Amino acid sequence: MPRQDIPGATRPGPPPTAVCVGESMAVLLPDRPGPLESVANFRLSVGGAESNVAGALAALGVPTAWISRVGADGFGRRLLAEVAARGVDVSAVAVDPHRPTGLYLKEVGGTTGHDHDLGPGRSRLHYHRRGSAAAALSPALLADPAAAPLLADARLLHLSGITAALSDDCLALLRALLADRRPGRLVSFDLNWRPSLWRDRDPSVLPPLLDAADLLLLGADEAQAAFGTGDPVALRRRFPTPATLVVKDADRHVTALERDGTTVTEPALAVEVVEATGAGDAFAAGYLAGTVRGLDQRRRLRLGHLSAACALTAHGDQAELPPAAVVSALLDASPADWAATRVSADGITGPALTPDRARASDPAQARHGARTGGPTPADDAHGAGDRTPGPRPGPGTMSGNPSPRSGAR
């Protein structure tokens, strides 16, 4: 299968540390609220859980490849170019000359008075992915001359339940990848429950896939919908095989449960939400980056929270983390200082950030500048505890549910 001739398609240097496998699609975003028939113009973007995680891992300094299939069309070329521009290796993405790149449209509710207006604060995603190039992913990928070396050398392989719902061949690919155990390779699996994808398929295939992973990521709300429980302890019993189970719950905590019974729970950061999109994928990338780096469990959870918080305070699915000194200070913060940290589009405030570390965060170089604890004049004017752009999201917001808050696809 041919590869696209785009910058980034030829892999330089050593093989990537992480490989993410799965579908991504073109996205059409409306220029105004209202039913689709009333929208005059759409903005083209791209979206996909696995490519989002790949881009965020690359931004966190983890060399990463994304493996998938796209159509030989403009949407496919746009998708590949954008993912490659994030620093992701796309050299093993196949271009299908016969099947199209998947597409979805976002419909946003408003106050137009139209009979079919969804209403303020509501949205709906319209998918056109049946028969797409990505739906033709299959176990043949394991013998693909471009993909096989990346898969063989990866220290981390990241998969998602979305792939299992796309086709029988995609399901067979996940089974083959999970059965192909390699020494030194960690396999992570994010449930990414998408009810619309399972209407014509049997979701009972999912539990064996999840239980075959080394690291399992679940949102409590999506687990409740898929398996009837969002309780971390019950889910740990349901999936006994993974070394680590990470449950993002609706009470604004994330809990990591080890196979030996060790449990670590870490609260989410307080965030002024700009756009609640892509936080679930950002959390996964932060947690996985911490895992690759050998951080302890609490710091892995905190890096996931911080990555998700930065995504929530940026437009789009991708966001930059603050400088390394700020990240280090937050990962090492006491529980009280961590709880007192606030993240907004203007920066990060909190008692863990000393003046020296605050100066290390130059807004000209990083969008997220850190500020030391204590209110600014703007805080005094509006009330430091009365921030209206958005509520503090908990891990339920980060769970990757099929809603506009999670960058659903």
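Per chain, residue numbering runs from 1 following the sequence as it is written. Local features are withheld for residues below a pLDDT of 70 in this predicted model, meaning they are given only at 70 or higher, and side-chain atom pairs are given and counted only at 80 or more; totals for whole chains, interfaces and linings count all residues. Excluding hydrogens and water, the side-chain figures rest on all heavy atoms present in the structure.

S.K.: I tried to follow the overall build of the protein on my own but got confused; where do I start?
M.R.: The numbering of helices and of strands both runs from the N terminus, where a helix is a DSSP run of H or I of at least 4 residues and a strand a run of E of at least 2. Regarding its fold elements, the protein presents 14 helices and 18 strands. Burial classes follow relative accessibility: with a 1.4 Å probe on protein chains only, a residue under 20% of its type's maximum area counts as buried, one over 50% as exposed, and anything between as partly exposed. Counting only residues that meet the buried cut, the protein has 56% of its 409 residues in that class. Throughout, a contact is declared for two residues whenever any of their heavy atoms are within 4.5 Å. Summarising the internal contacts of the protein: among those between residues at least 6 apart in sequence, 70% fall at separations of at least 24. Shrake-Rupley sampling with a 1.4 Å probe provides the accessible areas, and residues are treated as covered by the protein chains on show and by no other component. Carbon and sulfur atoms make up 52% of the accessible area of the protein, which totals about 16300 Å².

S.K.: Where do I start with the packing of aromatic side chains in this structure?
M.R.: How two aromatic rings sit relative to each other is given by the distance of their centres and the angle of their planes. Each pair of aromatic rings taken from Phe, Tyr and Trp, with Trp reduced to its six-membered ring, is defined by centres within 6.5 Å and is described as stacked if the planes are under 30 degrees apart, edge-to-face if over 60, and tilted in the remaining cases. The tally for this structure, following the rule as stated, stands at 4 aromatic pairs. Ring centres of Tyr104 and Tyr127 lie 5.4 Å apart, and the angle between their planes is 50°; this geometry places the pair in the tilted category. Of this pair, Tyr104 sits in strand β7 (residues 103-108) while Tyr127 sits in strand β8 (residues 123-128); the two residues are 23 residues apart in sequence, bridging distant segments of the chain. When the ring of Phe227 is compared with that of Phe239, the centres are 5.3 Å apart and the planes differ by 70°; the resulting orientation is edge-to-face.

S.K.: Help me out: how do you make sense of the sheet that holds β8 in this one?
M.R.: Two modes of strand pairing occur in sheets, parallel and antiparallel, and in both the strands are linked by backbone hydrogen bonds. Two strands qualify as a pair provided that DSSP identifies no fewer than 2 bridges between them. Read across the open sheet, the 4 strands follow the order β3-β2-β7-β8; overall the sheet is mixed. Pairing within the sheet leaves two strands with one partner each, and these edge strands are β3 (42-47) and β8. Looking at each pair of strands side by side, their axes are set apart by 25° on average, direction ignored. Pairing between strand β2 (residues 25-30) and β7: 3 bridges, direction parallel. Angles here are taken between N-to-C directions and fall from 0 to 180 degrees, while the axes themselves are lines fitted to C-alpha atoms, restricted in helices to the stretch in contact.

S.K.: I would appreciate a short explanation of helix α9 (residues 279-292) in the present structure.
M.R.: Residues spaced three or four apart along an α-helix point in a common direction, a consequence of the helix completing one turn every 3.6 residues. Helices are assigned an expected span. That span is 1.5 Å times one less than the residue count. Taking 1.5 Å per residue as the helical rise, α9 with its 14 residues ought to reach 20 Å, and the 20 Å between its terminal C-alpha atoms agrees with that figure. Most of α9 is tucked away, with 14 of its 14 residues classed as buried. Downstream of α9 by a residue or two, Gly294 has a phi angle that is positive, lying close to 80°.

S.K.: Would you explain helix α10 (residues 297-312) in this entry?
M.R.: The end-to-end C-alpha separation of α10 is 23 Å, in line with the 22 Å expected for 16 residues at 1.5 Å each. Here α10 lies mainly inside the structure; 14 of its 16 residues are buried.

S.K.: Hey, could you run me through the pattern of salt bridges in this one?
M.R.: Between side chains of opposite charge, a pair can form when the charged atoms approach closely. Salt bridge, as used here, is a side-chain nitrogen of Lys or Arg placed within 4 Å of a carboxyl oxygen of Asp or Glu. A full pass over the atoms with the stated rule returns 14 salt bridges. The partner of Arg78 in a salt bridge is Glu82, with the nearest N and O atoms 2.5 Å apart. With Arg78 and Glu82 both in helix α2 (residues 74-85) and 4 residues apart, the pair spans about one turn of that helix. As a salt-bridge pair, Asp180 and Arg185 come within 3.8 Å of each other at their nearest N and O atoms. A cluster of three or more residues bridged by salt bridges with shared partners is formed by Arg69, Asp96 and Arg99.

S.K.: Please clarify how the sheet that holds strand β10 (residues 186-190) should be interpreted in this entry.
M.R.: Strand order across the open sheet formed by 8 strands is β4-β1-β9-β10-β11-β12-β13-β14, with mixed pairing between neighbours. Single-partner strands in this sheet number two, and they are β4 (64-67) and β14 (263-267). Pairs of neighbouring strands in the sheet enclose a mean axial angle of 15°, with direction left out of account. Pairing between strand β13 (residues 253-258) and β14: 5 bridges, direction antiparallel.

S.K.: Quick question: what am I supposed to make of the environment of Ala176 here?
M.R.: By the secondary structure assignment, Ala176 is in helix α5 (residues 168-179). Ala176 gets classed as partly exposed once you look at its relative accessible area, which sits at 22%. Leaving out residues up to four positions away in the same chain, Ala176 has contacts with Pro139 and Leu142.

S.K.: Can you help me understand the packing of α9 against α10 in this one?
M.R.: Packed helix pairs are specified by the crossing angle of their axes together with the interaxial distance, meaning the distance between the axes. The N-to-C vectors of α9 and α10 enclose an angle of 145°; their axes lie 7 Å apart at closest approach. Crossing of α9 against α10: the hand is right-handed. Counted together, Ala279, Ala282, Phe283, Gly286, Tyr287, Ala289, Gly290 and Thr291 of α9 and Gln297, Arg300, Leu301, Leu303, Gly304, His305, Ser307, Ala308, Ala311 and Leu312 of α10 form the full contact between these two elements. For this scheme, ten residues count as nonpolar: Ala, Val, Leu, Ile, Met, Phe, Trp, Tyr, Cys and Pro. Four count as charged, namely Asp, Glu, Lys and Arg, and the remainder, Gly too, count as polar. Its residues assigned to classes, the contact of α9 with α10 comprises 10 nonpolar, 7 polar and 1 charged. Should the near helix be turned anticlockwise from the far one by less than a right angle, the crossing is termed left-handed; should it be turned clockwise, right-handed.

S.K.: What exactly am I supposed to notice about the nonpolar core here?
M.R.: Counting residues in hydrophobic clusters, the biggest one holds 57 residues, and the most contacted among them are Leu57, Trp66, Val90, Val246, Leu301, Leu306 and Leu330. Of all the elements in the fold, those that place two or more residues in this core are β1 (18-21), α1 (49-59), α2, β11 (215-219), β13, α9, α10 and α11 (324-331). Counting residues per element, this core draws most heavily on α9, at 8 residues. Apart from residues lying up to four places away in sequence, Leu306 is in contact with Leu269, Leu321, Pro322, Val327, Leu330 and Ile348. Buried residues of nine kinds, namely Ala, Val, Leu, Ile, Met, Phe, Trp, Tyr and Cys, make up a nonpolar core once their side-chain atoms join them within 4.5 Å.

S.K.: Help me out: how do you make sense of the environment of Leu142 in this one?
M.R.: Relative to the elements of secondary structure, Leu142 occurs in the loop between β8 and α3 (147-153). Residue class for Leu142 comes out partly exposed when judged on its relative accessible area of 28%. It is 8.4 Å that separates the C-alpha atoms of Leu142 and Leu173, two residues lying 31 residues apart in sequence. When residues no more than four places from it in sequence are discounted, the contact partners of Leu142 are Ala148, Leu173, Ala176, Leu177 and Asp180.

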